[in-house]
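Each chain, written out:
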Amino acid sequence: MPEKLYFNAKTPKFVHQYTGPIINNHTALENMYRLNMGGRQLSVQDDTGMYRSWVQDSNYIYGAAVGLTPLYQNPIMYTKQTPNYTAPEEVYQTQRSMGVLSDKYNLTWILPVDSGFYYMLRLHFCNIIPQYTKASQVIFRIFINNQTAEQEADVFYWTKGSGYPVFKDYIVFVNDPDGTRSKQDLWLALHPNPNSEQYLDAYLNGLEVFKLSMNKNLASPNPELSSITRPARRTPTVERNKKTQYAAIIGGLFVLVIILLVLIVLRQRRQVQPYAAAHDMSSYGPAYSESGTTKSSNSTLPSAGYHRFTLTGAKATKAIVSIKRVNPSSTTDDDEYDGVTEATKLAGRSD
């Protein structure tokens with residue numbers, strides 16, 4: 001790498017500060033962005049032997065106003081101050097300019113970077129618009145992180161004319177408000193200066209952004225995952241969550257089935273009651289017989305092994321019964337067997 005390509009090159013201009021880091025052989029630089037404004041992506045083979053790749057800037061433009069992308073067909077006139085290894089010809093032969101509506105918007109690029117570091121922005125310029133031919137015709141402003149980096153940028157004042165390239169370096173510090181060195185947006189914007197004598201326009205051909213080492217350190221405490229990095233543990237976590245959900249559903253269904261079975265059993269027990277509890281209208285005490293309005297509890301039947309009942313109970317249950325004469329010494333008459341006849345009828349119904 002040429003000694004003065006990035007180190008010990010032109011003295012950079014500090015943005016919103018009076019002093020800053022000195023870029024020398026002891027400074028570590030990490031390239032964050034290298035953009036070809038308005039042109040195609042350039043691979044390492046398209047570079048000037050520095051094996052740098054330049055990407056299109058369209059993915060970093062803010063808003064719908066993207067400006068114009070003129071193309072220059074003539075060779076680029078490198079100089080001693082801007083030698084041919086500074087950037088490929090295609091970087092200077094294409095650009096993004098603002099056009100006739102330039103006073104209505106800012107041409108802006110947004111670049112996410114790690115907070116808590118100094119950054120050097122190298123802006124590449126080359127006039128390739130035929131209508132612009134002399135100094136003061138096109139003057140514009142350059143803003144970096146909403147701070148004025150250049151109040152009157154005049155490419156013809158910096159160069160010998162159209163087709164001559166030039167670059168300018170600016171250093172800015174990206175604040176770290178919460179101390180986590182999280183990602184912050186680095187803004188770069190252009191806007192015409194109303195002091196331009198003839199044209200209200202602004203343009204840029206290329207951009208390089210470098211992170212400067214802080215105490216020989218370029219690392220971020222918590223780097224974010226890139227878009228192509230797949231979290232290794234995310235899929236197992238999802239599978240465990242699904243298994244837990246399935247287990248909860250199955251367990252809930254099992255408990256619901258148990259509750260339903262218990263309710264069914266209780267309902268059946270309420271509907272099917274024991275025979276004695278449902279139909280017996282007497283107790284296991286002395287047997288009673290009814291005759292008109294007179295009740296008698298006289299009985300010589302043993303209480304063990306016999307079920308005592310009333311005639312009313314026999315009628316209600318429609319059971320087959322056996323009736324014994326209460327008084328063995330009495331003679332047979334119709335009155336005494338009225339109950340026997342009725343009980344026999346009831347027994348015949350049960351058959």
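Residues numbered from 1 in each chain as written. Predicted model: local features only at pLDDT ≥ 70, side-chain atom pairs only at ≥ 80, totals over all residues. Heavy atoms only, no water.

Novice: Teacher, can you tell me more about the overall build of the chain here?
Specialist: A count of helices and strands for the chain gives six helices and 14 strands. Across the 351 residues in the chain, those meeting the buried criterion constitute 32%. In the chain, 73% of the contacts between residues at least 6 apart in sequence involve partners at least 24 apart. Here the chain displays about 22,200 Å² of accessible surface, and carbon together with sulfur accounts for 53% of that area. (Helix = DSSP H or I, 4+ residues; strand = E, 2+ residues; numbered from the N terminus. Buried < 20%, exposed > 50% of the residue type's maximum accessible area, 1.4 Å probe, protein only. Contact = heavy atoms within 4.5 Å. Areas by Shrake-Rupley, 256 points an atom, 1.4 Å probe, with all protein chains shown as cover.)

Novice: Can you help me understand the pairing of strand β12 (residues 206–212) in this one?
Specialist: A regular strand places its side chains on the two faces of the sheet in alternate fashion. Among the seven residues in β12, seven count as buried, and that is most of the element. Residues G206, E208, F210 and L212 point to one face of β12 and L207, V209 and K211 to the other, with burial holding for every one of them. Summarising the sheet, strand β2 (residues 29–36) and β12 pair through seven bridges and their orientation is antiparallel. In the sheet register, N31 faces β12, and the bridge partner there is F210. Judged from the six bridges that link them, strand β6 (residues 117–125) and β12 form a sheet pairing that is antiparallel. Across the sheet, residue H124 finds its bridge partner in β12, namely G206. (Pairing = 2+ DSSP bridges.)

Novice: Help me understand the sheet that holds strand β7 (residues 140–144) in this model?
Specialist: Hydrogen bonds between backbone groups are what pair the strands of a sheet, and the pairing can be parallel or antiparallel. Strand order in the open sheet made by the four strands is β5-β10-β7-β8, with antiparallel pairing throughout. Two strands close off the open sheet at either side, each with one partner strand: β5 (107–114) and β8 (147–153). Going across the sheet, the axis of each strand differs from the next one's by a mean of 15°, ignoring polarity. Examined bridge by bridge, β7 and β8 share four bridges and lie antiparallel to one another. (Axes fitted to C-alpha atoms, helices over the stretch in contact; angles between N-to-C directions.)

Novice: Before we go on, may I ask you to explain the side chain of T86 in this structure?
Specialist: As for its position among the elements, T86 is in the loop between β3 (55–56) and α1 (89–93). For T86, a relative accessible area of 2% puts it in the buried group. Engagement of the side chain of T86 in a polar contact is seen with the backbone oxygen of P83, the distance being 2.8 Å. In this structure, T86 is in contact with L5, R52, Y92, H124, F167 and E208, ignoring residues within four places of it in sequence. (Polar contact = N/O pair within 3.5 Å; in protein donor to acceptor, adjacent residues only side chain to side chain.)

Novice: When you look at the environment of N106 in this model, what are you seeing that I'm missing?
Specialist: Mapped onto the elements, N106 comes out in the loop between β4 (96–97) and β5. Sequence separation of N106 and F143 is 37 residues, and the distance between their C-alpha atoms is 9.6 Å. The contacts of N106, once residues within four sequence positions are left out, are M98, A189, L190 and H191.

Novice: Just checking my understanding: could you explain the sheet that holds strand β1 (residues 13–14) for this structure?
Specialist: Taken in spatial order, the six strands of this open sheet run β1-β9-β6-β12-β2-β3, and their pairing is mixed. Strands with a single pairing partner mark the edges of an open sheet, and in this sheet they are β1 and β3. Of the pairings in the sheet, the one linking β1 to strand β9 (residues 166–174) comprises two bridges and is parallel in character. Paired with F14 across the two strands is I171, which belongs to β9.

Novice: Help me out: how do you make sense of unusual backbone geometry in this one?
Specialist: Negative phi values dominate among residues other than glycine, just as trans dominates among peptide bonds. With phi around 50°, N145 is a residue other than glycine that occupies positive phi space. Backbone geometry at N146 places phi at a positive 65°, although glycine is not the residue there. By the element assignment, N146 lies in the loop between β7 and β8. For N146, a relative accessible area of 64% translates into the label exposed.

Novice: Looking at this structure, I do not really get the pairing of β2. What am I missing?
Specialist: The sheet contact formed by β2 and β3 spans two bridges and is parallel. Its bridge partner lying in β3, L35 is registered against V55.

Novice: Explain the confidence of the model for the chain here, please?
Specialist: Parts of the prediction with low pLDDT should not have their coordinates interpreted in detail. For the chain, the average pLDDT comes to 79, and 70% of its residues sit at 70 or higher. Counted against residues more than four places away or in other chains, residues 274–305, with its pLDDT under 50, gives 32 contacts. Within the model, the stretch residues 336–351 combines pLDDT values under 50 with 19 contacts to residues more than four positions away or in other chains. (pLDDT = per-residue confidence, 0-100.)

Novice: I keep staring at the packing of aromatic side chains and nothing clicks. Help me out?
Specialist: Centre-to-centre distance and the angle between the planes together describe a pair of aromatic rings. Scanning all chains against the criterion turns up 10 aromatic pairs. Note on Y132 and Y199: the rings are 4.8 Å apart at their centroids and 50° apart in plane angle, and the pair reads as tilted. Here Y132 is found in the loop between β6 and β7, whereas its partner Y199 is found in the loop between β10 (183–192) and β11 (203–204), with 67 residues between them in sequence. With relative accessibility at 7%, the residue Y132 sits in the buried group. Relative accessible area serves as the criterion here: at 26%, Y199 is assigned to the partly exposed category. Over the ring of W158 we find K168; its NZ or CZ atom is 4.7 Å from the centre of that ring. Between the NZ or CZ atom of K211 and the centre of the ring of F117, over which it lies, the distance is 4.5 Å. (Phe/Tyr/Trp six-rings, centres within 6.5 Å; stacked < 30°, edge-to-face > 60°. Lys NZ or Arg CZ within 6 Å of the ring centre and 35° of its normal.)

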